[in-house]
Each structure stands twice: as structure tokens, then as C-alpha cells.
Amino acid sequence: MQTLIKKTDMKTFKSTFILSLIVLFTILAGCKKGSDESPINLFSSDDDIEFGQSMEAEIAANPQEFPLLDATAYPAAYDHLYRIRDSILNTGELYYEDKFEWKVYIIENDSMLNAFATPGGYMYFYTGIIKYLDNEAQFAGVMGHEMAHADLRHSTNQITKAYGIQIMISIILGEAPGQLTEILASYAYGLGTLAFSRDHEYEADAHSVQYLYKTSYDARGIADFFIKLGDSSRPPEFLSTHPSPDNRIEKIYEVWEGLGGKTGNTYVDSYNAFKASLP
Ligand SMILES: [Zn+2]
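1. Describing the packing of helix 3 (residues 75-89) against helix 12 (residues 268-276)
- Packing of helix 3 against helix 12 brings their axes to within 8 Å, and their N-to-C directions diverge by 140°. Classified by the angle between their axes, helix 3 and helix 12 sit oblique to one another. Crossing handedness for the pair helix 3 and helix 12: left-handed. Touching Ala77, His80, Leu81, Arg83 and Ile84 of helix 3 are Ser270, Ala273 and Phe274, all from helix 12.

Rendered as C-alpha cells:
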């Protein structure tokens, strides 16, 4: 009988303790600012960098799945990529402009219509998407969208939402010290399978417009890409990792109009030179 009471007390204590932890971490998570618009993130920006570096290493070690285009063999192609990236970085609009490395890679696969960025700002563009697009404003729009996912730390926000509180409780209770490592590893292996939320998509689109608005590019480049995708019969891999929310194109236009509705350049000639520099 006594044992039973003790057990019940212990159970109550444990539930109360866990509940307190949940409340505590919810408060902590709410206070920790990862960016101005997505405050819930239990990871630090250093975690994002470390996470990105390990994914960069995974990708480099897997040339069958990720045949990276050699930057020394194709310097012209990479120069175009660096030039476009730098025009976005130089807007001063990114929180982690100086902290993240913003490394860019081209993956040689003409049939993949996709691009992705790891946490910490390592960016990958398939030759498929580069060749599919018509002008540099569209490409810069896609790049701006990827940079926004990294700069706003959407991946670690997402992992926090999915596992954060649970991991923290397990780690504190000493029940699963290796769980965090496991989750991070499975995320790295299932690269791109963790789709962003619709809100993150809207946010990345809006930031792409904001970045490009401060360059000479037409800031609606990302909308042009989605319009083109809508007309296309090709299976868009991009949408498997970047789910398309409703009224996406309209929302992009709203942001652009809100900024003043300036028409920028599309740069067809320099983009054709970029495409011609690819194998
Ligand atoms: Zn996206």
C-alpha cells in the first residue's frame, strides 16, 4: 500500500516536473530571438553553421547523388554565381551577412529543377534549374528565396517546432543524450525531405523581393519563376521541398507594390552567358 502511494506521488511529481519544463522552455523559446519574425528557435546561429558544415561535408562525400561542378574547371560559371550572390549580400538586408559563409555550389544534374540552402547558408543550385530559367532576375529571385530560408533560420526553427521541447526534456532528464545528434543526422541524410512550412515559404518569398528591391534586378523574379512553373509540365522538384502556398504570386506582388512597385532589369544577356558557361 505504501509503495503504491509512493509510486503515485512519484508519478505526480514527474508529471509536474515535466509540465514545468515545458512551460519554462516555451518561455525561453519565445524569448530567444533567431530573427525578427520567427522567434522560436532553441538552436543558436553557431549551431546553424555547424549543422550546415556537416551537411556540406556529407554532400561533398556523396558525388553520386550530388555531382558538384568543379569550381576550378568552370570558373566562369562560378563567377556568375558569386556576382549574383554578392549583389544580394551587398544590400545589407541579411542578418547573418557577415557571420555565415554563403558558399555556393552548382550540382551537375540537368533533370533536377531544384535549389536548396542548408542552415548556415551553404547553397546548392542544380544545373537543371539554372538552364530552365530565362533571365538573371528570376535566378536572383530563387537565390534570394534560398538565402532567406538560411538567414531566417527556417530549418532549425522547424526542427525546434517538431522536436525541440521533447529533445530538451529528454536531454535534461538524461533519458536520451544522443537524440539530438540522431535527429540532426537523419535530417542531414534526408536532405530536402523536411519541407518548409507554408509560412516559411511566404516569408522567404517576401524577403527575396525585399533583397532584390535594393539591387538593379526586377524584384518580382521569384514570382516570374512560379508563373513559369505553373505553365510547365515538368515535375517541379522545387515544390517538394518548398510547398507552394495559396495566392503566392499575388502575395509577392503585394510586397513589391508595398515597396513602391519599381520595375527593375531582368538581364537576359548576362544570364545567357551564365547558362553558356555550364557543361
Ligand atoms: Zn522555399
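Having seen it, we continue.
2. Re helix 3
- Relative to the 21 Å expected for 15 residues at 1.5 Å per residue, helix 3 spans 20 Å between its end C-alpha atoms, a close match to the ideal helical length.
- Of the surrounding elements, those touching the buried residues of helix 3 are strand 1 (104-107), strand 3 (123-126), helix 5 (136-151), helix 8 (198-213) and helix 12.

3. Quick notes on the coordination of the zinc ion
- Taken together, the protein ligands of the zinc ion are His145 (NE2), His149 (NE2), Glu201 (OE), Glu201 (OE) and His242 (ND1), with distances of 1.9 to 2.4 Å.
- One chain supplies every donor to the zinc ion, and in sequence these donors are spaced H-x3-H-x51-E-x40-H. Pair noted here: His149 is in helix 5 and Glu201 is in helix 8, with a separation of 52 residues, a long-range link. When sorted by exposure, His149 lands in the same class as Glu201, which is buried.

4. So, the packing of aromatic side chains
- Under the defined criterion, the tally for this structure stands at 17 aromatic pairs.
- Summarising the aromatic geometry, the rings of Phe100 and Trp102 are spaced 5.6 Å apart at their centres and angled 55° between planes, so their arrangement reads as tilted. For the residue pair Phe100 and Trp102, the accessibility class agrees, reading buried in each case.
- For the ring pair Phe225 and Phe226, a centre distance of 5.2 Å and an interplane angle of 40° mean the geometry is tilted.
- Judged by its relative accessible area of 0%, Phe225 is buried.
- Feature note: the residues Phe66, Tyr105, Phe116, Tyr124 and Tyr126 constitute an aromatic cluster, connected by ring pairs.
- Cation over ring: Arg220 sits above Trp256, and NZ or CZ is 3.8 Å from the ring centre.
- One residue, Lys228, lies across the ring of Tyr132, its end atom 4.7 Å from the ring centre.

5. Observations regarding the packing of helix 9 (residues 221-231) against helix 11 (residues 248-258)
- Two elements in contact, helix 9 and helix 11, have axes whose closest approach is 9 Å; the angle formed by their N-to-C orientations is 160°. Overall, the two elements helix 9 and helix 11 adopt an arrangement that is roughly antiparallel. Of the two elements, helix 9 crosses helix 11, and the hand of that crossing is left-handed. Of the residues in helix 11, those touching helix 9 at Ile222, Ala223, Phe226 and Ile227 are Arg248, Ile249, Ile252 and Tyr253.

6. Considerations on the pairing of strand 3
- Residues Met123 and Phe125 point to one face of strand 3 and Tyr124 and Tyr126 to the other, with burial holding for every one of them.
- Relative to strand 3, strand 2 (residues 115-117) runs antiparallel, the two being bridged by three bridges. Residue pairing for strand 3: Ala117 is matched across the bridge by Met123.
- Count of turn residues in the strand 2/strand 3 antiparallel hairpin: five residues, of which Gly120 carries a positive phi of about 80°.

7. Topic: the nonpolar core
- In terms of nonpolar packing, the biggest core is built from 58 residues, with Phe125, Phe139, Met143 and Phe225 touching the most fellow members.
- Counting residues per element, this core draws most heavily on helix 5, at eight residues.

8. A look at the pairing of strand 1
- Taking every second residue as pointing to the same face, both faces of strand 1 are buried, with Val104 and Ile106 on one and Tyr105 and Ile107 on the other.
- Two elements, strand 1 and strand 3, share four bridges in a ladder whose sense is parallel. Along strand 3, the bridge assignment pairs Ile107 with Tyr126.

9. Describing the sheet that holds strand 3
- The sheet built from three strands is open, its strands ordered 1-3-2 with mixed pairing. For this open sheet the edge positions go to strand 1 and strand 2, each flanked by a neighbour on one side alone. Put simply, the sheet's adjacent strands are angled 15° from each other on average, direction ignored.
- Against the sheet, helix 3 makes contact with strand 1 and strand 3, and its axis sits at roughly 135° relative to strand 1, the strand it touches most.

10. Points about unusual backbone geometry
- One non-glycine residue, Arg153, lies in the positive phi region at around 60°.
- Turning to its location among the elements, Arg153 is positioned in the loop between helix 5 and helix 6 (154-172).
- Of note in this structure, Tyr267 is not a glycine but carries a positive phi near 55°.
- Here Tyr267 lies in the loop between helix 11 and helix 12.
- We classify Tyr267 as partly exposed; its relative accessible area is 31%.

About the cut-offs
- Residues numbered from 1 in each chain as written.
- Predicted model: local features only at pLDDT ≥ 70, side-chain atom pairs only at ≥ 80, totals over all residues.
- Heavy atoms only, no water.
- Axes fitted to C-alpha atoms, helices over the stretch in contact; angles between N-to-C directions.
- Helix = DSSP H or I, 4+ residues; strand = E, 2+ residues; numbered from the N terminus.
- Parallel < 35°, antiparallel > 145°, perpendicular 65-115°, else oblique.
- Left-handed = near helix turned anticlockwise from the far one by under 90°.
- Contact = heavy atoms within 4.5 Å.
- Expected span 1.5 Å × (residues − 1).
- Donors = N, O, S within 2.8 Å, 3.2 Å for Na, K, Ca; no water.
- Buried < 20%, exposed > 50% of the residue type's maximum accessible area, 1.4 Å probe, protein only.
- Phe/Tyr/Trp six-rings, centres within 6.5 Å; stacked < 30°, edge-to-face > 60°.
- Lys NZ or Arg CZ within 6 Å of the ring centre and 35° of its normal.
- Pairing = 2+ DSSP bridges.
- Core = buried A, V, L, I, M, F, W, Y, C linked by side-chain atoms within 4.5 Å.

Any functional reading would require information that these geometric values do not contain.
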